[in-house]
Amino acid sequence: QVQLVESGGGLVQSGGSLRLSCAASESIFSINRMGWYRQAPGKRRELVASITSGGSTNYADSVKGRFTISRDNTKHTVYLQMNSLKPEDTAVYYCNAYRIFPPNDSWGQGTQVTVSS
């Protein structure tokens, strides 16, 4: 399985910005879809944003226009730029790597994002 390590979380005031990074243990060139998910206390894990190997992106309605996902295949890294953060963005953010073949569906350990009002 591809190992993933997230970083970049922290405490930020409402309206602020953070950039999350997800570093993979191997090339992500063949990863069909890289995604960022989040889970707030008492809530289900939800998709925030994803990017395919071809560069197509998808965003949750709640983050459209504020968050941007990108991938740097040369650095084996996926980023999530988060702007105009809101208290409701507070959650643990997880990175996911999904590949059809050879099969892979791995998760990072998560990074905490806390937005204060």
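These lines cover the structure that appears in this document, whether it is placed above or below. Note that this is a predicted model, so its numbers are computed, not measured.

Attention shifts here to unusual backbone geometry. Across the junction of Phe101 and Pro102, the peptide omega takes the value -10°, indicating a cis bond. Along the polypeptide, Pro102 turns up in the loop between strand S9 (91-99) and strand S10 (104-107). Located in the positive-phi region is His76, a residue other than glycine, with phi close to 55°. Mapped onto the elements, His76 comes out in the loop between strand S7 (67-72) and strand S8 (77-82). For Ser84, which is not a glycine, the phi torsion comes out positive at approximately 50°.

With that settled, consider the pairing of S7. The side-chain alternation of S7 yields one buried face, formed by Phe67, Ile69 and Arg71, and one unburied face, formed by Thr68, Ser70 and Asp72. Both S7 and S8 contribute to a ladder of six bridges, which runs antiparallel. If you follow Phe67 over to S8, its bridge partner there is Met82. The hairpin formed by S7 and S8 contains four residues between the paired strands, and His76 there has a positive phi angle of roughly 55°.

Calculation notes
- Residues numbered from 1 in each chain as written.
- Predicted model: local features only at pLDDT ≥ 70, side-chain atom pairs only at ≥ 80, totals over all residues.
- Heavy atoms only, no water.
- Helix = DSSP H or I, 4+ residues; strand = E, 2+ residues; numbered from the N terminus.
- Buried < 20%, exposed > 50% of the residue type's maximum accessible area, 1.4 Å probe, protein only.
- Pairing = 2+ DSSP bridges.

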